[in-house]
Amino acid sequence: MRRIAITVNGAREELEVEPRQLLVYALREQLGLTGTNIGCDTSSCGACTVHLDGQSVKSCTVLAVQADGCEVTTIEGLATDGALHPMQQAFRDNHALQCGYCTPGMIMAATSFLEEHPNPSEDEIRHGLEGNLCRCTGYHNIVKAVQAVAGAGV
Amino acid sequence: MATVERPAKFVGTSQLRKEDPELVTGQGGYVDNVTLPGMLWVGIVRSPFAHARIGSIDVSKVLELEGVVAAYTGADLEFAAPLVMAWPINAEVKNPPHHPLTKDKARYVGDPVAVVVAESRAIAKDALELVEVDWEPLPAVTDIKAALEPGAPIVHEEFGTNDAGSWIMERDSPAPTRGRAAPFFDDPNLVKVKEEYYLARLIPNAMEPRGVVVDPNVAMGEYTVITATQIPHILRTTLAITCGIPEAKLRVVAPDVGGGFGSKLEAYPEDAICLALAQKLNRPVKWIEERSENYVATLHGREMVQEIELAATREGDLKAVRVNLKASMGAYMRLITPGIPMLGAWLYHGCYECEGYDFQYTNVFTNATFTDAYRGAGRPEATYAIERAMDALARELEMDPVELRRRNFIATDKFPNYTIASGLTVDSADYHGTLDKCLEVLDYEGIRAEQRSRRERGERKLLGVGFSTWIEMCGLAPSRVLAALNYIAGGWDAATIEFMPTGTVRVLTGVSPHGQGSATAFAQVVADQLGLDYDDIDVLHGDTGMVPFGMDTYGSRGVSVGGVALFKAGEKIIAKARTLAAHELECAETDLEFEDGNFTVKGTDRTANIKALGFNSWTAHNLPDGMEPGLTATHLYDPPNFSWPNGAHCCVVEVDQDTGAVEIVRYIAVDDCGVQLNPMLVQGQVHGGVAQGIAEALYEEAIYDEEGNLTTGTMTNYLVPGPPEIPSFEIHDRVTPSPTNPLGVKGIGEAGTIAAPPAVINSVVDALAHLGVRNIERPATPERVWRAIQEAQA
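Residues numbered from 1 in each chain as written. Chains lettered and ligands numbered in written order. Predicted model: local features only at pLDDT ≥ 70, side-chain atom pairs only at ≥ 80, totals over all residues.

A word on the overall build of chain B
At step 1: A tally of helices and strands in chain B yields 20 helices and 28 strands.
At step 2: A compact globule built from 794 residues should have a C-alpha radius of gyration of about 28 Å, and chain B, at 27 Å, falls within 12% of that.
At step 3: Taken across its 794 residues, chain B has 57% of its residues classed as buried.
At step 4: Once local pairs closer than 6 in sequence are excluded, the contacts in chain B between residues at least 24 apart make up 80%. (Helix = DSSP H or I, 4+ residues; strand = E, 2+ residues; numbered from the N terminus. Rg over C-alpha atoms; globule rule 2.2 N^0.38 Å. Buried ≥ 20, exposed ≤ 12 C-beta atoms within 10 Å, placed from the backbone. Contact = placed C-beta atoms within 7 Å.)

Observations concerning the nonpolar core
At step 1: Grouped together as the largest cluster of nonpolar side chains are 308 residues, with contacts concentrated most on Val-42, Val-115, Val-116, Val-526 and Val-764 of chain B.
At step 2: Each residue touching Val-115 of chain B, except ones within four places of it in the same chain, is listed here: Val-42, Ile-44, Val-45, Ala-71, Tyr-72, Leu-77, Leu-101, Ile-273 and Leu-277 of chain B. (Core = buried A, V, L, I, M, F, W, Y, C linked by C-beta atoms within 7 Å.)

Some words on the packing of helix H10 (residues 379–397) of chain B against helix H19 (residues 751–768) of chain B
Residues and elements named next belong to chain B.
At step 1: Following both chains from N to C, one finds H10 and H19 inclined at 30 degrees, their axes separated by 8 Å at the closest point. Comparing the axis directions of H10 and H19 gives the class roughly parallel. In the crossing of H10 with H19, the sense of the turn from one axis to the other is right-handed. Where H10 abuts H19, its residues Arg-379, Pro-380, Thr-383, Tyr-384, Glu-387, Arg-388 and Asp-391 lie against Thr-753, Ile-754, Ala-755, Pro-757, Pro-758, Ile-761, Asn-762 and Val-765.
At step 2: Each residue belonging to the contact of H10 with H19 can be placed in one class, and the counts come to 8 nonpolar, 3 polar and 4 charged. (Axes fitted to C-alpha atoms, helices over the stretch in contact; angles between N-to-C directions. Parallel < 35°, antiparallel > 145°, perpendicular 65-115°, else oblique. Left-handed = near helix turned anticlockwise from the far one by under 90°. Nonpolar A, V, L, I, M, F, W, Y, C, P; charged D, E, K, R; others polar.)

Structural notes on helix H20 (residues 782–793) of chain B
At step 1: For H20 of chain B, built from 12 residues, the straight-helix expectation of 16 Å at 1.5 Å per residue is met to within 8% by its first-to-last C-alpha distance of 17 Å.
At step 2: Of the surrounding secondary structure, the elements contacted by the buried residues of H20 of chain B are strand E26 (646–656), strand E27 (662–672) and H19 of chain B. (Expected span 1.5 Å × (residues − 1).)

Side note on the interface of chain B and chain A
At step 1: Taken together, the contacts link 43 residues of chain B with 46 residues of chain A.
At step 2: When contributions to the side of chain B that touches chain A are tallied by element, the ones reaching two or more residues are helix H1 (20–24), helix H9 (291–297) and helix H18 (679–698) of chain B.
At step 3: In terms of residue class, the side of chain B that touches chain A is made up of 17 nonpolar, 20 polar and 6 charged.

Examining helix H1 (residues 23–30) of chain A
Residue and element names in this part refer to chain A.
At step 1: The buried fraction of H1 is high, at 6 of 8 residues.
At step 2: Within H1, burial applies to Leu-23, Val-24, Tyr-25, Ala-26, Leu-27 and Arg-28.
At step 3: Where H1 is buried, its residues touch strand E2 (11–17).
At step 4: Note on H1: the residue one or two positions beyond its end, Gly-32, has a positive phi of about 75 degrees.

Shown next, in the form of structure tokens:
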């Protein structure tokens, strides 16, 4: 077992992890942050996307020990003071989710993408999110939601 | 026709979803989020062989591993009965026993043979590696036609054949067809086309894999099963049978479920295994499917060989359609496997008139994962065959495919309630109007001109345009029809409306949505009907311990069966409230008008509000003699007919002659699902359905090698399309209210998946038709397209 310290959604957490423990399981099963979902076992689907030191990563592809000393933001840490993050609101306003399973990862990927590409074209949005799969929406309204946030200049 | 009594305030508007706040903030309650005190983890040992006899299974090394609690084989985990198959289509059907853990041999890669139970997820996974199975591999067969050849490996030896029985419309359908097709194919004056299509096997890929948690109370013999399912009610019954536990002692909960598409419309081995383990060990157990496990353990869809023949006059009048299918069952008959092709049986002549119609299918066992309902279930297959064949006929007749369709459409003035050639009665439609709208949006002449111009200029990127003027039958289903089709259960559904003392309302529904947004749509219906605020209404579903016995969610039945049950419960609420209002206002019931939640004595300002009546029902201080306390009503609704949505879809593609790459340039959908309770939800269903249809046409295919290994066994090589592979959509509608139900609604959940594949493939073939290309197997990968071009030009 290894002892690590991670700052998750602003709070410092110390935990004992097996060296093979994936970050996503540390978040879900040790810290109880079950908003981050697991959709595959090949880093294909992006459902488990979180921010690691400000960058979006698939938390099924990061070992918990690699996150030692890092800052992690999960879907639970996105809303502030009870107000939805603009991307969360845009997903709801644009019906960019149905079953909701890919949604936390999709929102985390989209917020990170917009920070790097503040004024994207539709094509750039689609390629920017290509590591995240959704089976319900056909992506149409996800693209609209990201465009809405970009257009609002948030 | 739609008889909503008063102007709608909420129905027809795009209310934002009630479901969303928890889902966008990571507070969704999916099964993998459930942790119970003392909970154990379950791992399933699966066959690595497609076909192998099981010698012995040794679990002794597993039990030595620290943290392992138990391990069982099929010989020592007992069940009261095999898994339930609910659709024995006729006397011919072959239904081998499907034990949750196979005992004698494995029949597909992934067949469960043993189970381990451990203190943690990781230990359970480690333990799987330590189970030693003495395998005797056998030759396997996964190809449908090869499975029917003499000498083929036999999946179930007791039958001596892989032929699992046929269903023949002339013999087995309860509804007479307009006439036999055969005589038309003997008529030398008619033009005939004969097409053969292979529909690739598909993997549903709900984003949430499956999972089960069972919480036992062994002393009381009571069990709560929390599972990612579309069918908590049906599953309770099938688990009761398989595990020998009375239904009253079983509570099945579908929590937030991360998509289904049919893949969670199933009675799976793992549900029964986990229930049996919790019973045996008297501890909560949890099994969560991994994605690669999902690819072999969760049902597959579609795979079939289709033969379709059309006979028409030289002028283009369709006279007869003849269809013969061979459908892959995979290794077992699951819940409704043998009946899936039948769900398309009445649809292979599409929305066209004809005089003769013959249809039959043969079910075939192979050494592959069992198939069952995948989004559309039988209807995408039918639509694909007829819409591809209509294009083939158009080419044969040198006619424009749009013109051929128009010429054969069932005329709009035949509706409502027109009996089509296959023998069933379609509720409402305007096929001409729907296609006209599609063409108007498309600028058909402009696209054809551009197509000609590119060909003349010798451009390497060719343009193609393809149509799918589709119909389907959904809203499953009238119980009497299901009886005639040998389906064991009914197709009704239930709803309860319950006023709380403070004026808020609980709606309890027997359908079990898992992403569709039914709670939102249902609240809109009740708000309008009872004159309530949308926010006063909470819709609860998916817990057999809480909601009335219903028939769950599949077959686009949520609104057209469950929603109508709800509307009828609302009528009972109004009737009871009216009686109480008349009592309080000391007038005759007939003197009362009900509007906006208020009963008013006609011509006066004396009024009673329904919320106040709800409170007074609850106190029961002053009720008419004999009236039951409480303002609550339940209705069980059995639909008198299916609902028959339809539409016109058009796909425009660019095909690169040099690489075979296909790019969708435009996708237009004009759909008629009757009255739309919430257009935003309708469009969302179309978007997702079309995306899955495009995936089916261009990307997805489950491939087995000759030994029966699934070579597309992970998400890295089974191509679920991502955002760049799917275009934006142009969505339009044409509304013909269904006369079948008082809301005027039809289903929309499967429409896109039914419509899209032939539109896409027709567009690809259209792009290459002048080169001599007539067919491209789906998915139309760049390699297949490129080869089709080379072969046509050779």
